[in-house]
Amino acid sequence: MVTLPALVETFTGETSATSVTFALSPAFALPLLTGLQLRQRPATGRFGTSPAP
């Protein structure tokens, strides 16, 4: 959410689209991290909430 708009602004200058993305990125951070964690659960083999033995 931050890298792509920053890259765009590097070459094009300040735009309203990138400003809106920067403004909304804190609101989407927690859902994004939660989604990434849930997506990675099968890859780690840990499906439960208790720690591995």
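The paragraphs below set out a description of the structure included in this document. (Residues numbered from 1 in each chain as written. Predicted model: local features only at pLDDT ≥ 70, side-chain atom pairs only at ≥ 80, totals over all residues. Heavy atoms only, no water.)

Quick word on the overall build of the chain
Inference 1: For the chain, the helix and strand inventory stands at two helices and zero strands.
Inference 2: The 53 residues of the chain split such that 8% are buried.
Inference 3: For the chain, the accessible surface area stands at approximately 4,400 Å², while carbon and sulfur atoms represent 70% of it. (Helix = DSSP H or I, 4+ residues; strand = E, 2+ residues; numbered from the N terminus. Buried < 20%, exposed > 50% of the residue type's maximum accessible area, 1.4 Å probe, protein only. Areas by Shrake-Rupley, 256 points an atom, 1.4 Å probe, with all protein chains shown as cover.)

Some thoughts on a nonpolar patch on the surface
Inference 1: A contiguous nonpolar patch, built from Leu4, Leu7, Val8 and Phe11 and spanning about 440 Å² of accessible area, is present on the exposed surface.
Inference 2: For Phe11, the position within the fold is in helix 1 (residues 3-12). (Patch = residues over 30% accessible without salt bridge, like charges linked within 9 Å, V, L, I, M, F, W, Y side chains within 5 Å. Salt bridge = Lys/Arg side-chain N within 4 Å of Asp/Glu carboxyl O.)

Points about the packing of helix 1 against helix 2 (residues 16-44)
Inference 1: With their axes 9 Å apart at the nearest point, helix 1 and helix 2 run at an angle of 150° to one another. It follows that helix 1 is roughly antiparallel to helix 2 by the angle criterion. Crossing angle aside, the handedness with which helix 1 passes helix 2 is left-handed. Where helix 1 approaches helix 2, its residues Pro5, Ala6, Val8 and Glu9 are matched on the opposing element by Thr18, Ser19, Thr21 and Phe22.
Inference 2: Of the residues contributing to the contact of helix 1 with helix 2, the split by class is four nonpolar, three polar and one charged. (Axes fitted to C-alpha atoms, helices over the stretch in contact; angles between N-to-C directions. Parallel < 35°, antiparallel > 145°, perpendicular 65-115°, else oblique. Left-handed = near helix turned anticlockwise from the far one by under 90°. Contact = heavy atoms within 4.5 Å. Nonpolar A, V, L, I, M, F, W, Y, C, P; charged D, E, K, R; others polar.)

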